[in-house]
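Structural characterization, general
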Amino acid sequence: MAVSAKELQRRIEGFTALCRAEGLKVTHQRTEIYRELARTDEHPDALAIYRRVRRRIPSISFDTVYRALRLLENKGVIRRVGTPADSAQFDANRETHHHFVCSACGAVRDFRCTAFDALEAPAAARQIGTPDSLRVEVRGVCAECARRRARAR
Ligand SMILES: [Zn+2]
Ligand SMILES: [Zn+2]
């Protein structure tokens, strides 16, 4: 789903401020790449972002988009959703949130929950390493896929 124009504006302002804080130049290309990621809550992968950016910057290469995404990820400007690096999906939502992952279409959607935010990493996790954030992943079939399945029946 597309985010509201107001939310997109807020995200882009946050992006600009973070890039400056990290010493990254806010280039036209980087802004357009970020905009395509930030305008949706669908957590697109690099290829999907590339296809969208190409509509506005036809000369851009996939490699450029991919490298920009990895750079932004390394600087903490965007986050990678916990999937293997080669099929990484990216997340522009920097606020504490949780994910609903659809087991049918693979969509990753954000939701907020103050009860989940209050959870602390258990001792078993702290034995593995030092936790710095905690995100709850709810798995299931999204409403859209459920409707599609009902229609197919
Ligand atoms: Zn689905
Ligand atoms: Zn997310």
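A brief report on the enclosed structure follows. All residue numbers refer to positions counted from 1 along the written sequence of the respective chain. Chains carry letters and ligands carry numbers; both start at the beginning, A for chains and 1 for ligands, and go up in the order they are written. Selection of residues for local features in this predicted model requires a pLDDT of at least 70, selection of side-chain atom pairs for listing and counting requires 80 or more, and totals for whole chains, interfaces and linings are taken over all residues. Neither water nor hydrogens contribute to the side-chain values; these are computed over all heavy atoms in the structure.

1. Re the coordination of the zinc ion (ligand 1)
To be explicit about the condition: Nitrogen, oxygen and sulfur within 2.8 Å of a metal are treated as its donors, or within 3.2 Å for sodium, potassium and calcium (Na, K, Ca); water is not counted, so a site can appear incomplete. Here a site with four donors is tetrahedral if all angles are between 85 and 135 degrees, and a site with four or six donors is square planar or octahedral if opposite donors are over 155 degrees apart and the other angles are between 65 and 115; anything else gets the irregular label.
Summarising the metal site, the zinc ion (ligand 1) is bound by the protein donors C102 (SG), C105 (SG), C142 (SG) and C145 (SG), whose distances to it range over 2.3 to 2.4 Å. Coordination geometry of the zinc ion (ligand 1): the 4 donor atoms subtend angles of 104 to 120° at the metal centre, consistent with an arrangement described as tetrahedral.

2. Quick word on the pairing of strand β4 (residues 108-111)
As a reminder of what qualifies: Summary of the burial criterion: residues with accessible area below 20% of their type's maximum are buried, those above 50% are exposed, and those between are partly exposed, where the area comes from a 1.4 Å probe applied to protein chains only. The helix count covers DSSP runs of H or I at least four residues long, the strand count covers runs of E at least two residues long, and both are numbered beginning at the N terminus. Note: two strands are recorded as paired if DSSP finds a minimum of 2 bridges between them.
Here β4 shows one buried face, formed by V108 and D110, and one open face, formed by R109 and F111. With 4 bridges connecting them, strand β3 (residues 98-102) and β4 associate as antiparallel partners. In the strand pairing of β4, F100 is matched with R109. Hairpin connection from β3 to β4: 5 residues lie between these consecutive antiparallel strands, with G106 at a positive phi of about 85°.

3. Here's the deal with the coordination of the zinc ion (ligand 2)
Octahedral metals with six donors have ideal donor angles of 90 or 180 degrees. Tetrahedral metals with four donors have an ideal donor angle of 109.5 degrees. Ligation of the zinc ion (ligand 2) by protein atoms is provided by H43 (NE2), D91 (OD), H97 (NE2), H99 (NE2) and D110 (OD), these donors lying 2.1 to 2.2 Å from the ion. Sequence positions of the donors to the zinc ion (ligand 2) reduce to the motif H-x47-D-x5-H-x1-H-x10-D. Here D110 lies in strand β4 and D91 lies in strand β2 (residues 89-91), a separation of 19 residues in the sequence. Just as D91 is buried, D110 falls in that class too.

4. Focus on unusual backbone geometry
One non-glycine residue, H43, lies in the positive phi region at around 55°. Mapped onto the elements, H43 comes out in the loop between α2 (28-38) and α3 (46-56). Exposure remark for H43: the relative accessible area of 2% places this residue in the buried category.

5. Focus: the pattern of salt bridges
Convention followed: By salt bridge we mean one thing: a side-chain nitrogen of Lys or Arg within 4 Å of a carboxyl oxygen of Asp or Glu.
For the structure on display, the rule yields 16 salt bridges. A salt bridge links R35 to E32, with the nearest nitrogen and oxygen atoms 3.5 Å apart. Taken together, the positions of R35 and E32, both in helix α2 and 3 residues apart, correspond to about one turn of that helix. What makes R35 partly exposed here is its relative accessible area of 23%. Measuring nitrogen to oxygen at the nearest pair gives 3.0 Å for the salt bridge that ties R70 to E73. In this pair, R70 and E73 both sit in helix α4 (residues 62-74), 3 residues apart, roughly one turn of the helix.

Without other data, these values stay purely geometric and don't point to any function.
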